[in-house]
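Summary of structural features
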Amino acid sequence: EPEVTQTPSHQVTQMGQEVILRCVPISNHLYFYWYRQILGQKVEFLVSFYNNEISEKSEIFDDQFSVERPDGSNFTLKIRSTKLEDSAMYFCASSREVTGADTQYFGPGTRLTVL
Amino acid sequence: SQQGEEDPQALSIQEGENATMNCSYKTSINNLQWYRQNSGRGLVHLILIRSNEREKHSGRLRVTLDTSKKSSSLLITASRAADTASYFCATDEIKAAGNKLTFGGGTRVLVKP
């Protein structure tokens, strides 16, 4: 069964450094998402992406964040200058449609630790 | 309460018993999805119920949706130790662009062998 994959599984970085989290969505999906989950807290929406542009972004997704689909398979989340509070599990998700009745499939997550 | 709040926050049952958890939300939705998360792991999709559906089954899972009460329930029948996980509801709000999902805080389920 097709699945969303994410790399790396764990990323440790120093505060102020740039990180790129990578995702390979399910191949026939058109809609892509990033969510994050700070330890012990709710899963929070960051951004949705369709047709090579952002559909919606949350307040969390400030100028330090960017997303890109550099080729036909990868979907990346970049954090330009990491802060301690960016430490979280980051989940990528994809869906085939955005009709209001389509499942979002999540990857296994990348645990980001900012020191 | 916030959109997508689960109740109870934690549940401990014996293997073989049923586990029921509830989710309440505040806005009009397109659909409601339930996910499972094992400790520190990814989110596994369990079931999606559309706003015009009232009940849905998938294996040992039964989900109900009451849009008049803005609530949903997830029932796991004949629970197994492997069902031990956190369970989250997530709503896709009608007014939200981009198919954003809003998650609840989750119910931690412990199934004791």
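Residues numbered from 1 in each chain as written. Chains lettered and ligands numbered in written order. Predicted model: local features only at pLDDT ≥ 70, side-chain atom pairs only at ≥ 80, totals over all residues. Heavy atoms only, no water.

**Describing the state of the cysteines**
For clarity, the cut-off: Only a pair of cysteine sulfur atoms within 2.5 Å qualifies as a disulfide here. Working definition: helices are DSSP H or I runs of at least four residues, strands are E runs of at least two. Numbering for both runs from the N terminus. The rule is simple: take the accessible area with a 1.4 Å probe, protein chains only, and divide by the maximum for that residue type; under 20% is buried, over 50% is exposed, in between is partly exposed.
One pass over the structure, following the stated rule, counts two disulfides over all chains. Across the disulfide from Cys23 of chain A sits Cys92 of chain A; the S-S distance is 2.0 Å. Residues Cys23 of chain A and Cys92 of chain A share a disulfide whose torsion about the S-S bond is about -65 degrees; that sign makes it left-handed. Here Cys23 of chain A, found in strand 3 (residues 19-24), pairs with Cys92 of chain A, found in strand 9 (residues 88-95); they are 69 residues apart in sequence, far enough to count as distant. The exposure classification of Cys23 of chain A matches that of Cys92 of chain A, with both residues buried. Note on cysteine connectivity: Cys23 of chain B is disulfide-linked to Cys89 of chain B, with sulfurs 2.0 Å apart.

**Structural notes on the interface of chain B and chain A**
Using the following cut-off: For this analysis, residues touch if any pair of their heavy atoms sits within 4.5 Å. Reported buried area values correspond to the accessible surface (1.4 Å probe) lost by two parts on association, with both partners' losses combined. We count a salt bridge whenever a side-chain nitrogen from Lys or Arg sits within 4 Å of a carboxyl oxygen from Asp or Glu. The definition of a polar contact used here is a pair of N or O atoms within 3.5 Å, where within protein one atom must be able to donate a hydrogen and the other to accept one, and adjacent residues in sequence count solely through side-chain atom pairs.
Facing 27 residues of chain B, the contacting portion of chain A comprises 23 residues. When the two sides are added together, the surface that chain B and chain A hide from each other amounts to roughly 1800 Å², 53% of it contributed by carbon and sulfur. Of all residues in chain B, Leu43, Asn99 and Phe103 of chain B give up the largest surface area on contact with chain A, accounting jointly for 29% of the area buried on that side. The tally of links from chain B across to chain A stands at zero salt bridges. For the pair chain B and chain A, the number of links is three residue pairs in polar contact (both at pLDDT 80 or more). Of all elements in the fold, only strand 4 (29-37), strand 5 (43-50), strand 9 (85-93) and strand 10 (101-103) of chain B reach the threshold of two or more residues within the side of chain B that touches chain A. The biggest single contributor to the side of chain B that touches chain A is strand 4 of chain B, with five residues.

**Side note on the packing of aromatic side chains**
Residues and elements named next belong to chain A. Which entries qualify depends on this criterion: Note on aromatic contacts: the rings of Phe and Tyr and the six-membered ring of Trp form a pair at centre separations within 6.5 Å, being stacked when their planes are under 30 degrees apart, edge-to-face when over 60 apart, and tilted otherwise.
Scanning all chains against the criterion turns up 13 aromatic pairs over all chains. Plain terms: the ring middles of Tyr31 and Tyr50 are 4.2 Å apart, the flat faces sit at 10 degrees to each other, and that makes the pair stacked. Pair noted here: Tyr31 is in strand 4 (residues 31-37) and Tyr50 is in strand 5 (residues 43-50), with a separation of 19 residues, a long-range link.

**As for the pairing of strand 3 (residues 19-24) of chain B**
All names here are of chain B. Test applied: Think of it this way: DSSP has to see at least two bridges between two strands before they count as a pair.
Residue alternation in strand 3 divides its side chains into a buried set, Ala19, Met21 and Cys23, and an unburied set, Thr20, Asn22 and Ser24. Across three bridges, the pairing between strand 1 (residues 5-7) and strand 3 is antiparallel. The residue of strand 3 that forms the bridge with Glu5 is Ser24. Examined bridge by bridge, strand 3 and strand 8 (residues 71-76) share six bridges and lie antiparallel to one another. Paired with Met21 across the strands is Leu74, a residue of strand 8.

**Regarding the sheet that holds strand 7 (residues 65-68) of chain A**
Residue and element names in this part refer to chain A. Put simply, the rule is: Each axis is a line fitted through C-alpha atoms, and for a helix only the stretch in contact is used; angles between axes span 0 to 180 degrees, taken between their N-to-C directions.
Sheet architecture is open: four strands sit in the order 1-3-8-7, paired in antiparallel fashion. Two strands close off the open sheet at either side, each with one partner strand: strand 1 (5-7) and strand 7. Between one strand axis and the next, the sheet turns through 20 degrees on average, direction left out of account. Summarising the sheet, strand 1 and strand 3 pair through three bridges and their orientation is antiparallel. Bridging from a neighbouring strand, Thr5 pairs with Val24 of strand 3.

**Some thoughts on the side chain of Ser86 of chain B**
All names here are of chain B. Within the secondary structure layout, Ser86 lies in strand 9. The exposure class of Ser86 is buried, given its relative accessible area of 17%. The contact partners of Ser86, leaving out residues within four places of it in the chain, are Tyr35, Arg36, Gln37, Thr107 and Arg108.

**Here we look at the nonpolar core**
Quick note on the threshold: In this description, a nonpolar core means a group of buried Ala, Val, Leu, Ile, Met, Phe, Trp, Tyr and Cys residues linked to one another through side-chain atoms lying within 4.5 Å.
Grouped together as the largest cluster of nonpolar side chains are 22 residues, with contacts concentrated most on Met21, Leu32, Trp34, Leu46, Leu74, Ile76 and Tyr87 of chain B. Among the secondary structure elements, those contributing two or more residues to this core are strand 2 (10-14), strand 3, strand 4, strand 5, strand 7 (61-66), strand 8, strand 9 and strand 11 (107-112) of chain B. Discounting chain neighbours no more than four positions away, the residues touching Met21 of chain B are Asp7, Pro8, Trp34, Ser72, Ser73, Leu74, Ile76, Tyr87, Thr107 and Val109 of chain B. Counting residues in hydrophobic clusters, the runner-up holds 21 residues, among them Leu46, Phe49, Cys92 and Val114 of chain A.

**Re the confidence of the model for chain B**
Close inspection of predicted coordinates is inappropriate for parts of the model with low pLDDT. Selection criterion: pLDDT measures the predictor's confidence residue by residue and takes values from 0 up to 100.
Summing up the model confidence of chain B, the mean pLDDT is 90 and the portion of residues at 70 or higher is 93%. Ranking the elements of chain B by mean pLDDT puts strand 1 of chain B last, at 80, and strand 7 of chain B first, at 97.

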